[in-house]
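Analysis of the macromolecular model
Chain by chain, the residues run as shown.
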Amino acid sequence: MFIAANWKMNLDKVSISKFCDDLYNYKFSSKVEACIFPSLPYMDYLNNLIKKLPISVGGQNCHYKSHGAFTGEVSPKFLRDTGCEYVIIGHSERRSINNESDNEIKLRAQSAIDTNLKVILCVGENLSHREKGYALKFVEQQLLKCLPNDFKNLLVAYEPVWSIGTGKIPNVSEINEMHDHIKKVVLKNTNKKVKVLYGGSVNVENIDSILNVINVDGVLVGGASLKVKDFLAIYSAAVKHLNNSI
Ligand code: PEP
């Protein structure tokens, strides 16, 4: 079970310090893995604050080149050097705001993997695909265009674009159907098994029903991960879910 906290461009140094104070009073479980994706300048700062805790840090994106004239970009090698274990690739905000294409996302994912980062590859349909009944087909095609050629461990995050930051989520059978489809598509095309996280308006109220979906291997949480109380409540729900399913 995996909990990814995507802080996006939020939480400054003072807020991060307060967030981490509360983490030290919490008893983490070895069964649930957690990774926080802070804003880039605070990577080292956060890493130092949580180094005694079983939480890793990750990058919100990386370039496909390791060095060069790419102003404003970050090298996968530099993420590795600052202690990152994971990187998110292909987030819908990168696709829409920064015009990252499927092909570029594939290159970024491959480069991150070659640099020994674990990749969380994001895919998801927009509302009109869902309403017209094309969601499965769209995500399949997007996935096939973005999948790196060679990987050992890959996490896929299913994040319907219409669900991110809106408070709307697909129903549990739609989530299950999509996760099952993603796993089958990857297995058929690469002979590899992937874990699939659900992302999009996950919060303290809906976490239990999402974790009860059979094909959900964890969650990618944006807004609700900014408050330590909610982050820990979501983490605790994952521990409880695992304990109940033994
Ligand atoms: C995200 O941006 O990856 C995300 C899931 O955001 P939110 O939880 O705020 O919808």
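For the structure itself, consult the block above.
Report follows, based on the coordinates. All figures in this text were calculated on a predicted structure; none of them were measured in a lab.

A separate point is the environment of Asn-126. Tracing the backbone through its elements, the reader meets Asn-126 in the loop between β5 (118-123) and α6 (127-131). Its relative accessible area of 30% is what places Asn-126 among the partly exposed residues. Here the alpha-carbon distance between Asn-126 and Thr-71, two residues 55 residues apart in the chain, equals 30 Å. Looking at Asn-126, its side chain comes within polar contact range of the main-chain nitrogen of Ser-128, at 3.2 Å.

Take the sheet that holds strand β7 (residues 195-199) next. One closed barrel holds the eight strands; their spatial order is β1-β2-β3-β4-β5-β6-β7-β8, and the pairing between them is parallel. On average, each strand axis in the sheet is tilted by 25° relative to the strand beside it, whichever way the strands run. Sitting on the sheet, helix α8 (residues 172-190) is in contact with β5, β6 (154-158) and β7, with an inclination near 145° to β7.

Let us look at α8. Taking 1.5 Å as the rise per residue, α8 with 19 residues should run 27 Å; its terminal C-alpha atoms sit 27 Å apart, in good agreement. Looking at α8, one finds that the buried residues are Ile-175, Met-178, His-179, His-181, Ile-182, Lys-183, Val-185 and Val-186. Buried residues along α8 sit in contact with β5, α6, α7 (135-146), β6, β7 and α9 (207-211). Of the residues trailing α8, Asn-191 is marked for its positive phi of about 65°.

Within this model, the largest pocket holds a volume of roughly 500 Å³. If you trace the largest pocket, you find 22 residues lining it, with Lys-8, Leu-40, Gln-60, Asn-61 and Arg-94 closest to the centre. Of all the elements, helix α4 (residues 92-97) adds the most residues to the lining of the largest pocket, at three residues. Across the lining of the largest pocket, the residue classes break down as nine nonpolar, eight polar and five charged. Of the voids in this model, the second largest pocket is the one considered here, and its volume is about 260 Å³. Grouping the constituent residues of the lining of the second largest pocket by class yields seven nonpolar, one polar and five charged.

The ligand sits among 14 residues. The nearest are Lys-8, His-91, Glu-159, Gly-165 and Ser-201. One of the side-chain nitrogen or oxygen atoms of Lys-8 is found 2.5 Å away from an oxygen atom of the ligand. Take Ser-201: an N or O atom from its main chain is 2.8 Å from an oxygen atom of the ligand. Out of a free accessible area of 290 Å², the ligand has 95% covered by protein chains. Its residues assigned to classes, the shell around the ligand comprises three nonpolar, nine polar and two charged.

With that out of the way, let us pick up the pattern of salt bridges. On inspection of all chains with the given rule, the structure shows 14 salt bridges. A salt bridge links Glu-85 to Lys-118, with the nearest nitrogen and oxygen atoms 2.7 Å apart. Highlighted residues: Glu-85 in the loop between α3 (76-81) and β4 (86-89) and Lys-118 in strand β5, separated in sequence by 33 residues. Note that Glu-104 and Arg-108 form a salt bridge whose closest N and O atoms lie 2.8 Å from each other.

Calculation notes
Residues numbered from 1 in each chain as written. Predicted model: local features only at pLDDT ≥ 70, side-chain atom pairs only at ≥ 80, totals over all residues. Heavy atoms only, no water. Helix = DSSP H or I, 4+ residues; strand = E, 2+ residues; numbered from the N terminus. Buried < 20%, exposed > 50% of the residue type's maximum accessible area, 1.4 Å probe, protein only. Polar contact = N/O pair within 3.5 Å; in protein donor to acceptor, adjacent residues only side chain to side chain. Pairing = 2+ DSSP bridges. Axes fitted to C-alpha atoms, helices over the stretch in contact; angles between N-to-C directions. Contact = heavy atoms within 4.5 Å. Expected span 1.5 Å × (residues − 1). 1 Å grid on protein atoms, 1.4 Å probe; cavity = no way out; pocket = protein on both sides within 12 Å on 5 of 7 lines; lining within 4 Å. Points joined across faces, edges and corners; volume = space filled by probe spheres on them. Nonpolar A, V, L, I, M, F, W, Y, C, P; charged D, E, K, R; others polar. Near = heavy atom within 4 Å. Areas by Shrake-Rupley, 256 points an atom, 1.4 Å probe, with all protein chains shown as cover. Salt bridge = Lys/Arg side-chain N within 4 Å of Asp/Glu carboxyl O.

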